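One letter stands for each residue in the lines below.
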Amino acid sequence: MSDILQELIAMAGRHARRRRTKTAIPRVTIGRSEVPTPPLPELCQPTALLVLQGTKTVLIGDRTLAYSAGSYFVYAVEAPATSQLIEASRACPYMALAFAIDIELIAGLLIDHRPAIDGDSFVTNTADDDLLDAWRRMLRLLDRPEEIPVLAPMLEREIAFRLLQGPQGEKLRQLARADGRLSQIRRATAWIRAHYNEPIDVTRLAELSHMSNAAFHRHFKAATAMSPIQYQKQLRLLEARHLLIAQPGSAAQVAFTVGYESASQFSREYARQFGLPPARDAARLLAMGEAVALEID
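Source: prediction; values computed, not measured.

**Comments concerning the overall build of the chain**
Right, so step 1: In terms of helices and strands, the chain carries 12 helices and 10 strands.
Right, so step 2: Here the chain has a C-alpha radius of gyration of 20 Å; the compact-globule value for 297 residues is 19 Å, and the two agree.
Right, so step 3: Looking at the chain as a whole, 51% of its 297 residues are labelled buried.
Right, so step 4: For the chain, long-range pairs separated by at least 24 residues make up 72% of all intrachain contacts whose partners lie at least 6 apart in sequence.
Right, so step 5: Surface summary for the chain: the accessible area is close to 13400 Å², and the carbon and sulfur share equals 52%.
Right, so step 6: The chain carries 35 positive and 33 negative side-chain charges, and their two centres are separated by 3 Å.

Shown next, in the form of structure tokens:
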């Protein structure tokens, strides 16, 4: 393990207060856990996640991301996912840094710089020393909070630049450009999230994204590892789980609320996704006091 990574682990461990700690540095979050977790659902937001210690898997559609110490991934499009911490203990806790992506900042960097490398959209990469060093200088500001307003924006810009120059930079370029395919797909995912309980019209989504139906399907799958119909179903099931926890009641009523026309179909798909029928899953989570969704950490 590099000296830089060891220092990052020490700083992150010193400032982590809970499983997910929002720091005084804008858009920077520290994740920490002393225990492995079962597979837990979440809705990934545009974020760069760097794992410092421990291992983690994230299932998005039909693709699986495998994180180990020093690896990172850029989530460019909001997507339903299932995360699981594999290695975490009191002696060696899982720790990670999350950097919420500022699209305007990325767009500004693209005026002068272009990504140097393109790579697989669904593979984690090992952070090089330049990226780790930028993160180290950023985290050092937590011990000098008076310097955050001046230096954090500069270091945020450097981290964004390092990400752009790395193997996942093409995703950020596509996200920041108004005519980039990821920017166009985000219009469709935003519509689906806002209207998740309504019938989906793929032709309308393709038009919203300024693509033909065939191109839209291809780019949507490339960005999210699932079809628009699968994406909507994942959102419906996530929202149903939240409703069952927040307002325990009839599973059938929840099914209709999130857009299902058949309560039996809802129960089947819910059990397939979460391992138990709706009522039993909600009762288990309430008894355990377990969060419905695992935030990116």
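Additional details are given in the paragraphs that follow.
**Examining unusual backbone geometry**
Right, so step 1: Of note in this structure, His-210 is not a glycine but carries a positive phi near 60°.
Right, so step 2: Here His-210 lies in the loop between helix H7 (202-208) and helix H8 (213-224).
Right, so step 3: Relative accessible area serves as the criterion here: at 59%, His-210 is assigned to the exposed category.
Right, so step 4: The phi dihedral of Ala-225 is positive, around 65°, even though this residue is not glycine.
Right, so step 5: Along the chain, Ala-225 falls in the loop between H8 and helix H9 (228-246).

**Structural notes on the sheet that holds strand E2 (residues 28-33)**
Within a sheet, adjacent strands bond to each other through the backbone by hydrogen bonds, running parallel or antiparallel.
Right, so step 1: Taken together, the 6 strands give an open sheet; going across it, the order is E1-E2-E9-E4-E7-E10, and neighbouring strands pair in antiparallel fashion. The open sheet has two free edges, formed respectively by strand E1 (20-22) and strand E10 (125-126), since each of these has just one partner strand.
Right, so step 2: Relative to strand E7 (residues 71-75), strand E4 (residues 47-53) runs antiparallel, the two being bridged by 4 bridges. Following the sheet pairing, Leu-50 is matched in E7 by Tyr-72.

**Examining a nonpolar patch on the surface**
Right, so step 1: Together, Val-150, Leu-151 and Met-154 make up a nonpolar patch on the protein surface, roughly 270 Å² of accessible area in all.
Right, so step 2: Mapped onto the secondary structure, Leu-151 falls in helix H4 (residues 148-165).
Right, so step 3: Given the relative accessible area of 30%, Leu-151 is considered partly exposed.

**Topic: the sheet that holds strand E8 (residues 79-87)**
Right, so step 1: Taken together, 4 strands build an open sheet; the order of strands is E3-E8-E5-E6 and the sheet is antiparallel. At either margin of the open sheet sits one strand with a lone partner, and together these are strand E3 (40-44) and strand E6 (63-67). Each neighbouring strand pair of the sheet contributes to a mean axis angle of 30°, computed without reference to strand direction.
Right, so step 2: Sheet analysis places strand E5 (residues 55-60) next to E6, joined by 5 bridges and oriented antiparallel.

**Details of the environment of Gln-184**
Right, so step 1: Mapping Gln-184 onto the fold places it in helix H6 (residues 181-194).
Right, so step 2: For Gln-184, a relative accessible area of 12% translates into the label buried.

**Quick word on helix H3 (residues 129-140)**
Count 3.6 residues to each turn of an α-helix, and residues three or four apart come out pointing the same way.
Right, so step 1: The first and last C-alpha atoms of H3 sit 16 Å apart over 12 residues, in line with the 16 Å expected at 1.5 Å per residue.
Right, so step 2: Looking at the buried residues of H3, the elements they touch are helix H1 (3-15), E2, E4, E7, strand E9 (94-100) and H4.
Right, so step 3: Looking at where H3 begins, the residue whose side-chain oxygen comes 3.2 Å from the main-chain nitrogen of Asp-130 is Asp-128.

**Comments concerning helix H11 (residues 263-274)**
Right, so step 1: Between its first and last C-alpha atoms H11 spans 16 Å; for 12 residues at 1.5 Å apiece the expected length is 16 Å, and the two agree.
Right, so step 2: All buried positions along H11 are accounted for by Phe-266, Glu-269, Tyr-270 and Phe-274. Viewed end-on, H11 has its buried residues packed into an arc of 110°, placing them on one side of the element.
Right, so step 3: Gly-275, located one to two residues past H11, shows a positive phi value of around 90°.

**Let's talk about the packing of aromatic side chains**
Right, so step 1: By the definition in use, this model includes 8 aromatic pairs.
Right, so step 2: Aromatic pair Phe-220 and Tyr-231: ring centres 5.5 Å apart, planes at 80°, arrangement edge-to-face. Placement of the pair is Phe-220 in helix H8 and Tyr-231 in helix H9, with a sequence separation of 11 residues. Neither Phe-220 nor Tyr-231 differs from the other in exposure class; each is buried.
Right, so step 3: Put simply, the rings of Tyr-260, Phe-266, Tyr-270 and Phe-274 pair up and form one aromatic cluster.
Right, so step 4: Directly above the ring of Phe-73 sits Lys-171, whose terminal nitrogen or CZ lies 3.8 Å from the centroid.
Right, so step 5: It is Arg-241 that lies over the ring of Phe-274; its NZ or CZ is 4.4 Å from the centre.

How each quantity is defined
Residues numbered from 1 in each chain as written. Predicted model: local features only at pLDDT ≥ 70, side-chain atom pairs only at ≥ 80, totals over all residues. Heavy atoms only, no water. Helix = DSSP H or I, 4+ residues; strand = E, 2+ residues; numbered from the N terminus. Rg over C-alpha atoms; globule rule 2.2 N^0.38 Å. Buried < 20%, exposed > 50% of the residue type's maximum accessible area, 1.4 Å probe, protein only. Contact = heavy atoms within 4.5 Å. Areas by Shrake-Rupley, 256 points an atom, 1.4 Å probe, with all protein chains shown as cover. Lys, Arg positive; Asp, Glu negative; His and termini not counted. Charge placed at Lys NZ, Arg CZ, Asp CG, Glu CD. Pairing = 2+ DSSP bridges. Patch = residues over 30% accessible without salt bridge, like charges linked within 9 Å, V, L, I, M, F, W, Y side chains within 5 Å. Salt bridge = Lys/Arg side-chain N within 4 Å of Asp/Glu carboxyl O. Axes fitted to C-alpha atoms, helices over the stretch in contact; angles between N-to-C directions. Expected span 1.5 Å × (residues − 1). Polar contact = N/O pair within 3.5 Å; in protein donor to acceptor, adjacent residues only side chain to side chain. Arc of directions from axis to C-beta. Phe/Tyr/Trp six-rings, centres within 6.5 Å; stacked < 30°, edge-to-face > 60°. Lys NZ or Arg CZ within 6 Å of the ring centre and 35° of its normal.

The analysis is restricted to geometry; functional conclusions fall outside its scope.
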